[in-house]
Amino acid sequence: MAERKRPLVIVTRKLPDVIETRMMELFETRLNHDDVALDRDQMVAAVKEADVLVPTVTDRIDAGLIAECGPQLKLMASFGTGVDHIDLVAAKARGLTVTNTPGVLTEDTADMTMALILSVARRLAEGERLVRAAQWTGWSPTGMLGARLGGKRLGIIGMGRIGQAVARRARAFGLSVHYHNRHRVHPEVEAELDATYWPSLDQMLSRMDIVSVNCPRTPATFHLLSSRRLKLLRRHALIVNTSRGEVIDETALAQMLKQGELAGAGLDVFEREPNVNPKLLKLPNVVLLPHMGSATLEGRIDMGQKVIVNIRSFIDGHVPPDQVLETEF
């Protein structure tokens, strides 16, 4: 570390006040009060000076930026669960420790997943737009008909913490739970969730009424739901994504939705955030949200507390509890 009484911690985005206040108490902290994402030059300046960088998922920490890191920078304590925005191989080669904030957003993201499933199936966003546009003429027996959840099959892609939390909620709505995962979950978990495992994603997709994407973004999951796989879904199927936009071929999805080859979609994430495919914006059968699946005050505070614990543990010479291990990339 540089010769300071306290390490210089540079935070790239605005965090909850309680977290920023605690960081100011513990460290020499530089905050981003404007909450405007740092540009490339500002990021380079930050990594040249900081002892600890606290980036978020909106910051691109690639090999080029890591090469600019000053010798004093030893820890990147990322504010977020996903680490696909960081070149972990380059970080390891540079001797950087990377931490994240897993586990604290599970329930919030699962709640949003179920909200999207309900919104798409029951056409909530369409109905809300109808009322706001003063185009609703009153109740009718066949007006705004949606789909009942009970008795439908839900296929979960990625049965980690969030996937399992979604499954628990889905059962309460009478959905039949199916899943595809890189590894089959423990038999006790499978029994608790009454979940059916499909080793073949293709076979699962062709039989589901609703598909929920809950897997992380990795090189292996980029366009996991390709045009070919999307075409395996039945015409009445719904798809919801609260994971990462890159998991779905967005162009192919938009085309299928437009042509009626899929009944609807609920998307909280997009392939080129914050840009949204213009074709999706024009479709009435799509619910679009601004990456807010984990956006609760409680969740953000929990994330910040994890960042602080990771930094303090590292400074004290201990292995941070949320260090990203080599096996994760």
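Residues numbered from 1 in each chain as written. Predicted model: local features only at pLDDT ≥ 70, side-chain atom pairs only at ≥ 80, totals over all residues. Heavy atoms only, no water.

Going by what an unreviewed UniProt entry lists, the protein is known as Glyoxylate reductase and is assigned to Inquilinus ginsengisoli. Under the UniProt heading Sequence similarities (unreviewed entry), the entry covering the protein gives this text: "Belongs to the D-isomer specific 2-hydroxyacid dehydrogenase family." (UniProt positions renumbered as here; feature names shortened; annotations may be inferred.)

A. Representation of the sheet that holds strand E3 (residues 52-54). The strand order across the open sheet built from 5 strands is E2-E1-E3-E4-E5, with neighbouring strands paired in parallel fashion. Only two strands of the sheet have a single partner each, and these edge strands are strand E2 (28-30) and strand E5 (97-99). For this sheet, the mean inter-axis angle between neighbouring strands, taken without regard to orientation, is 20°. Direction of pairing for E3 relative to strand E4 (residues 75-77): parallel, over a ladder of 2 bridges. If you follow Val-52 over to E4, its bridge partner there is Leu-75. Strands strand E1 (8-11), E3, E4 and E5 of the sheet are contacted by helix H13 (residues 297-315), whose axis makes an angle of about 165° with E4. (Pairing = 2+ DSSP bridges. Helix = DSSP H or I, 4+ residues; strand = E, 2+ residues; numbered from the N terminus. Axes fitted to C-alpha atoms, helices over the stretch in contact; angles between N-to-C directions. Contact = heavy atoms within 4.5 Å.)

B. View of unusual backbone geometry. With an omega of 5°, the peptide bond running from Glu-273 to Pro-274 counts as cis. Note that Pro-274 resides in the loop between strand E11 (264-267) and helix H12 (278-281). The phi angle at His-223 is positive, at roughly 55°, despite the residue not being glycine. In this model, His-291 sits at a positive phi of 50°, which is unusual for a non-glycine residue.

C. Looking closely at the pattern of salt bridges. Counted by the stated rule, this structure contains 19 salt bridges. Between Glu-68 and Lys-48 there is a salt bridge, with its nearest N and O atoms 3.0 Å apart. Of the two residues, Glu-68 is situated in the loop between helix H3 (63-67) and E4 and Lys-48 in helix H2 (residues 40-49); the sequence distance between them amounts to 20 residues. Judged by its relative accessible area of 32%, Glu-68 falls in the partly exposed class. For Asp-84, the salt bridge identified is with Arg-244, shortest N-O distance 3.4 Å. Of this pair, Asp-84 sits in the loop between E4 and helix H4 (88-94) while Arg-244 is found in the loop between strand E10 (238-241) and helix H11 (250-258), placing the two residues 160 residues apart along the sequence. A relative accessible area of 36% means that Asp-84 is categorised as partly exposed. A relative accessible area of 17% places Arg-244 in the buried class. One continuous salt-bridge network, built from bridges that share partners, spans Lys-14, Asp-17 and Glu-20. (Salt bridge = Lys/Arg side-chain N within 4 Å of Asp/Glu carboxyl O. Buried < 20%, exposed > 50% of the residue type's maximum accessible area, 1.4 Å probe, protein only.)

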